[in-house]
Amino acid sequence: MIFYATKQTIDRYKIKMSNEMSPLFKETSNMIIERETNDPLLEWGLKLFYFDRRKCIQAMNFASKLTIFIFDVKVDDIYEIGNTIAIYLLDLYRDDKNMITLLNKLFSDSPICVFSKLTNRSIISSLNRNQSDYALDGYRFFEYIENGILKTKEINHDVNFNWFVTLRVSNKPEYILPGEQFKTLLQNRYLKNIK
């Protein structure tokens, strides 16, 4: 999978781009970018935001606009972002055995995560809109604190299954639930191969 990060995210987390890596990692990273670019199901936008003075990450899937909010992400944690997203995805669809199978297939088909610079204006706009309209620049998340604990799974469920976003389909805007769209796209990709 390719994680396209905003400039601010790259700077704050000191994310190394492929040209800054050792030759082996550079070659592997470039190979994955070449293979997975323009496969929107494998592409994610990453944007830094702050909540309660802590660095957090918003990750948005290019194909479906499925969004995962990840809280209190330390600099050393950034290279584990793929595993964190996988954990949240498995939780989002925990009651759907077929989706768990499909997600595991997706993870095995694309097991390595690489970083690149985010230039897709549509995704940048969608990330900004999510941060301002859904997250209310982080203030909404205070509603999810119960007994001093932030309910991150509930946040990620609500943004994907209770919040409509606009997606261009055949050049027309359609309102979709990102969690349902991601499921449809994953089924379209793999279901014919699952028995």
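Structure's up top.
Note that the coordinates shown come from a computational prediction; the quantities given were computed from them, not determined experimentally.

Regarding the side chain of Gln-58
Part 1 of the reasoning: Along the chain, Gln-58 falls in strand E3 (residues 54–61).
Part 2 of the reasoning: Residue classification places Gln-58 among the buried residues on the basis of a relative accessible area of 0%.
Part 3 of the reasoning: Only 3.1 Å separates the side chain of Gln-58 from the backbone oxygen of Leu-127, close enough to count as a polar contact.
Part 4 of the reasoning: Of note is the side chain of Gln-58, whose polar atom sits 3.1 Å from the side chain of Asn-130.
Part 5 of the reasoning: Non-local contacts of Gln-58, meaning those with residues more than four positions away in its chain, are made with Gly-45, Leu-46, Lys-47, Phe-49, Thr-67, Ile-68, Phe-69, Leu-127, Asn-130 and Gln-131.

Some remarks on a nonpolar patch on the surface
Part 1 of the reasoning: Residues Leu-136, Tyr-139, Phe-142 and Ile-145 make up a contiguous nonpolar surface patch of about 410 Å² in total accessible area.
Part 2 of the reasoning: Within the secondary structure layout, Ile-145 lies in strand E6 (residues 145–146).

Topic: unusual backbone geometry
Part 1 of the reasoning: A positive phi angle, near 55 degrees, is found at Lys-14, a position not held by glycine.
Part 2 of the reasoning: Relative accessible area serves as the criterion here: at 61%, Lys-14 is assigned to the exposed category.

Some remarks on the packing of aromatic side chains
Part 1 of the reasoning: Summed over the entire model, instances satisfying the criterion amount to 16 aromatic pairs.
Part 2 of the reasoning: Relative to Phe-71, the ring of Phe-49 has its centre 6.0 Å away and its plane inclined at 85 degrees; by these criteria the two rings are edge-to-face. With a gap of 22 residues between them, Phe-49 in strand E2 (residues 43–51) and Phe-71 in the loop between strand E4 (67–70) and helix H3 (81–92) connect regions that are remote in the sequence.
Part 3 of the reasoning: Taking relative accessible area as the criterion, Phe-49 reaches 3% and is therefore assigned buried.

Structural notes on helix H5 (residues 121–134)
Part 1 of the reasoning: Look at H5: 19 Å from first C-alpha to last across 14 residues, which is about the 20 Å you get at 1.5 Å a residue.
Part 2 of the reasoning: Lining the buried residues of H5 we find E2, E3, E4, helix H6 (152–161) and strand E8 (165–169).
Part 3 of the reasoning: Near the N-terminus of H5, the side chain that reaches the backbone nitrogen of Ser-122, with its oxygen 3.0 Å away, is that of Asn-120.
Part 4 of the reasoning: Backbone geometry just after H5 places Leu-136 at a positive phi near 50 degrees.

Regarding the sheet that holds E4
Part 1 of the reasoning: Pairing within the open sheet is mixed, and its 5 strands lie in the order E4-E3-E2-E1-E5. With one partner strand each, in any of the chains shown, E4 and strand E5 (114–117) form the two edges of the open sheet. Adjacent strand axes in the sheet meet at a mean angle of 30 degrees when their direction is disregarded.

Topic: H6
Part 1 of the reasoning: Of all 10 residues that make up H6, 7 are buried, and the element is covered over most of its length.
Part 2 of the reasoning: Every buried residue of H6 is accounted for by Thr-152, Ile-155, Asn-156, Asp-158, Val-159, Asn-160 and Phe-161.

Focus: the layout of surface pockets
Part 1 of the reasoning: In this structure, the largest pocket spans a volume of roughly 470 Å³.
Part 2 of the reasoning: In terms of lining residues, the largest pocket is bounded by 21 residues, among which Tyr-79, Pro-111, Ile-112, Cys-113 and Val-114 are the most central.
Part 3 of the reasoning: Broken down by secondary-structure element, the contributors of at least two residues to the lining of the largest pocket are helix H2 (23–36), H3 and E5.
Part 4 of the reasoning: Tallying contributions element by element places H3 first for the lining of the largest pocket, with 5 residues.
Part 5 of the reasoning: Residues that form the lining of the largest pocket fall into these classes: 14 nonpolar, 5 polar and 2 charged.
Part 6 of the reasoning: In this structure, the second largest pocket occupies an estimated 180 Å³ of space.
Part 7 of the reasoning: Sorting elements by how many residues they give to the lining of the second largest pocket places H6 first, with 3 residues.
Part 8 of the reasoning: Its residues assigned to classes, the lining of the second largest pocket shows 3 nonpolar, 1 polar and 7 charged.

Basis of the calculations
Residues numbered from 1 in each chain as written. Predicted model: local features only at pLDDT ≥ 70, side-chain atom pairs only at ≥ 80, totals over all residues. Heavy atoms only, no water. Helix = DSSP H or I, 4+ residues; strand = E, 2+ residues; numbered from the N terminus. Buried < 20%, exposed > 50% of the residue type's maximum accessible area, 1.4 Å probe, protein only. Polar contact = N/O pair within 3.5 Å; in protein donor to acceptor, adjacent residues only side chain to side chain. Contact = heavy atoms within 4.5 Å. Patch = residues over 30% accessible without salt bridge, like charges linked within 9 Å, V, L, I, M, F, W, Y side chains within 5 Å. Areas by Shrake-Rupley, 256 points an atom, 1.4 Å probe, with all protein chains shown as cover. Salt bridge = Lys/Arg side-chain N within 4 Å of Asp/Glu carboxyl O. Phe/Tyr/Trp six-rings, centres within 6.5 Å; stacked < 30°, edge-to-face > 60°. Expected span 1.5 Å × (residues − 1). Pairing = 2+ DSSP bridges. Axes fitted to C-alpha atoms, helices over the stretch in contact; angles between N-to-C directions. 1 Å grid on protein atoms, 1.4 Å probe; cavity = no way out; pocket = protein on both sides within 12 Å on 5 of 7 lines; lining within 4 Å. Points joined across faces, edges and corners; volume = space filled by probe spheres on them. Nonpolar A, V, L, I, M, F, W, Y, C, P; charged D, E, K, R; others polar.

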